[in-house]
Amino acid sequence: MLEAQNISYSHRKFSILEGINVSVNYGELLVILGPNGAGKSTLLSVLANELAKHEQPIYLKKKAFKEWGDKELAHSKAKFSQSNSPDIPLSAKDVAMMGRYPYFSSIPQKKDEDVVLKAMAETDVAALADRAYNSLSGGEKQRVHLARVLAQLDNDVENKMVFLDEPLNNLDVLHQHRILHTIKNFTEKGNAAIMVLHDLNLAAQFADRIMLLKKGKIVAHDVPDKVFTKETISRVYNFPCTICPNPVNNNPLIIFGT
């Protein structure tokens, strides 16, 4: 679905990423982990074609980003950013409707309305459709923007790609799991997702593969069982931990401070 080789990125002569290779298969959820300053969000932005200071092409469905038309690309790829404008003088529904902009020129059609309401129901903000966006809590705003991303990729195109930068910020435990299940359902249909997270245990539960970064380099890139070892996690986060089987699903369970 997506392939990038030897990705490096610097800002003001400071190296942020160095020699990163990424491949994401159809139907796969790749989670990027690492401590603060590891380069997670920068890598996601590079892979989503938002930063152009790298020399190597990035391929989506075997076609370099520069070969895609803007509208065609918007039907196949969407990105959720961790930072959105705190002041948008629109209703929650109108913000979610932004995801449908690639599909109509001036006035949304009934299909667009239906898709947006469906996406808002998936992220549990349908009841907030007519509320002013600026009156919502941080978690509610987060879920409205997730609905916007889901609405953008609700189409007949096969094999779509979504990039998500810390989508669980400000969400309570119920909505964290609800969103992760929504993303897993998306990938299980042959689509793919790359997500930046901080919660290692949620990553262990939902990710197909983990990419662990430290100081702009890959420390480990494999299935959760192989990435989550006591030695690796303790070294990357500079904090002691214990790894044990999760009693619910036998996935790795990371306990810090022991």
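Remember, predicted model here, so these are calculated numbers, not experimental data.

Peer 1: Help me out: how do you make sense of the nonpolar core in this one?
Peer 2: In summary, soluble globular proteins display a tendency toward joint burial of nonpolar side chains. Judged by nonpolar contacts, the single largest core of 34 residues is most densely connected at V31, L33, L164, I210 and F228. With five residues, helix α7 (residues 200-206) is the largest single contributor of residues to this core. Residues in contact with L33, not counting those within four places in the same chain, are K40, L197, L200, A203, I210, M211, L212, L213, F228 and Y237. Listed in part, the 30 residues of the second largest apolar core include M1, L2, I20 and M161.

Peer 1: What is the right way to read the sheet that holds strand β1 (residues 2-11) from this model?
Peer 2: Strands in a sheet are paired, the pairing made by backbone hydrogen bonds, and the direction either parallel or antiparallel. Judged by pairing direction, the sheet is antiparallel, and its four strands sit side by side in the order β2-β1-β4-β5 without closing on themselves. Looking along the sheet, the strands with just one partner apiece sit at the ends: β2 (14-24) and β5 (63-64). Where β1 and β2 come together, seven bridges link them in antiparallel fashion. What sits directly across from A4, in β2, is V22.

Peer 1: What is the right way to read the packing of helix α4 (residues 110-122) against helix α5 (residues 138-152) from this model?
Peer 2: Axis separation between α4 and α5 bottoms out at 8 Å; the angle between their running directions is 135 degrees. In terms of orientation, α4 lies oblique with respect to α5. The handedness of the crossing between α4 and α5 comes out as right-handed. Here V115, V116, A119, M120 and E122 of α4 lie close against α5, whose contacting residues are A147, L150 and A151. Across the contact of α4 with α5, the residue classes break down as seven nonpolar, no polar and one charged.

Peer 1: Sorry, what's going on with helix α1 (residues 40-47) here?
Peer 2: Owing to its 3.6 residues per turn, the α-helix aligns residues three or four sequence positions apart on the same side. Taken across its eight residues, α1 has seven buried, putting it largely inside the fold. Buried within α1 we find K40, T42, L43, L44, S45, V46 and L47. Following α1 by one or two positions, N49 has its phi on the positive side, about 70 degrees.

Peer 1: Sorry if this is basic, but what is going on with the environment of A220 here?
Peer 2: Here A220 lies in strand β10 (residues 217-222). Classification of A220 by relative accessible area gives buried; the value is 15%. Measuring from C-alpha to C-alpha, the distance between A220 and L33 comes to 9.9 Å, with 187 residues separating the pair along the chain. Excluding its chain neighbours within four sequence positions, the residues that come into contact with A220 are I210, M211, L212 and V227.

Peer 1: So what exactly am I meant to see when it comes to the pattern of salt bridges here?
Peer 2: Two side chains that carry opposite charge are able to pair once their charged atoms sit near each other. Scanning all chains against the criterion turns up 11 salt bridges. Residues R100 and D112 are paired through a salt bridge, measuring 3.0 Å at the closest nitrogen-oxygen approach. Of this pair, R100 sits in the loop between α3 (92-97) and α4 while D112 sits in helix α4, placing them 12 residues apart in sequence. For D112, a relative accessible area of 3% gives the class buried. Note that D124 and R143 form a salt bridge whose closest N and O atoms lie 4.0 Å from each other. Of the two residues, D124 is situated in the loop between α4 and α5 and R143 in helix α5; the sequence distance between them amounts to 19 residues.

Peer 1: Any chance you could explain the packing of aromatic side chains here in plain terms?
Peer 2: The relation between two aromatic rings is expressed through the spacing of the ring centres and the mutual angle of the planes. Across all of its chains, the model carries three aromatic pairs by this definition. Geometrically, the ring pair formed by Y101 and F104 is edge-to-face, given 5.9 Å between the ring centres and 90 degrees between the ring planes. Overall, the relative accessible area of 47% leaves Y101 in the partly exposed class. Considering the side-chain rings of Y237 and F256, the 6.0 Å spacing of their centres and the 70 degrees angle between planes classify their relative orientation as edge-to-face. With Y237 in helix α9 (residues 230-237) and F256 in strand β12 (residues 252-256), the pair connects residues that are 19 residues apart, well separated along the chain. Classification of Y237 as partly exposed rests on a relative accessible area of 21%.

Peer 1: When you look at helix α6 (residues 173-187) in this model, what are you seeing that I'm missing?
Peer 2: Across its 15 residues, α6 extends 21 Å between first and last C-alpha, which sits within 8% of the 21 Å expected from 1.5 Å per residue. Burial in α6 covers these residues: H175, Q176, I179, L180, T182, I183, K184, F186 and T187. Buried positions along α6 lie against β3 (29-33), α4, α5, β7 (161-165), β8 (192-196) and α7.

Reading the values: the criteria
- Residues numbered from 1 in each chain as written.
- Predicted model: local features only at pLDDT ≥ 70, side-chain atom pairs only at ≥ 80, totals over all residues.
- Heavy atoms only, no water.
- Core = buried A, V, L, I, M, F, W, Y, C linked by side-chain atoms within 4.5 Å.
- Buried < 20%, exposed > 50% of the residue type's maximum accessible area, 1.4 Å probe, protein only.
- Helix = DSSP H or I, 4+ residues; strand = E, 2+ residues; numbered from the N terminus.
- Contact = heavy atoms within 4.5 Å.
- Pairing = 2+ DSSP bridges.
- Axes fitted to C-alpha atoms, helices over the stretch in contact; angles between N-to-C directions.
- Parallel < 35°, antiparallel > 145°, perpendicular 65-115°, else oblique.
- Left-handed = near helix turned anticlockwise from the far one by under 90°.
- Nonpolar A, V, L, I, M, F, W, Y, C, P; charged D, E, K, R; others polar.
- Salt bridge = Lys/Arg side-chain N within 4 Å of Asp/Glu carboxyl O.
- Phe/Tyr/Trp six-rings, centres within 6.5 Å; stacked < 30°, edge-to-face > 60°.
- Expected span 1.5 Å × (residues − 1).

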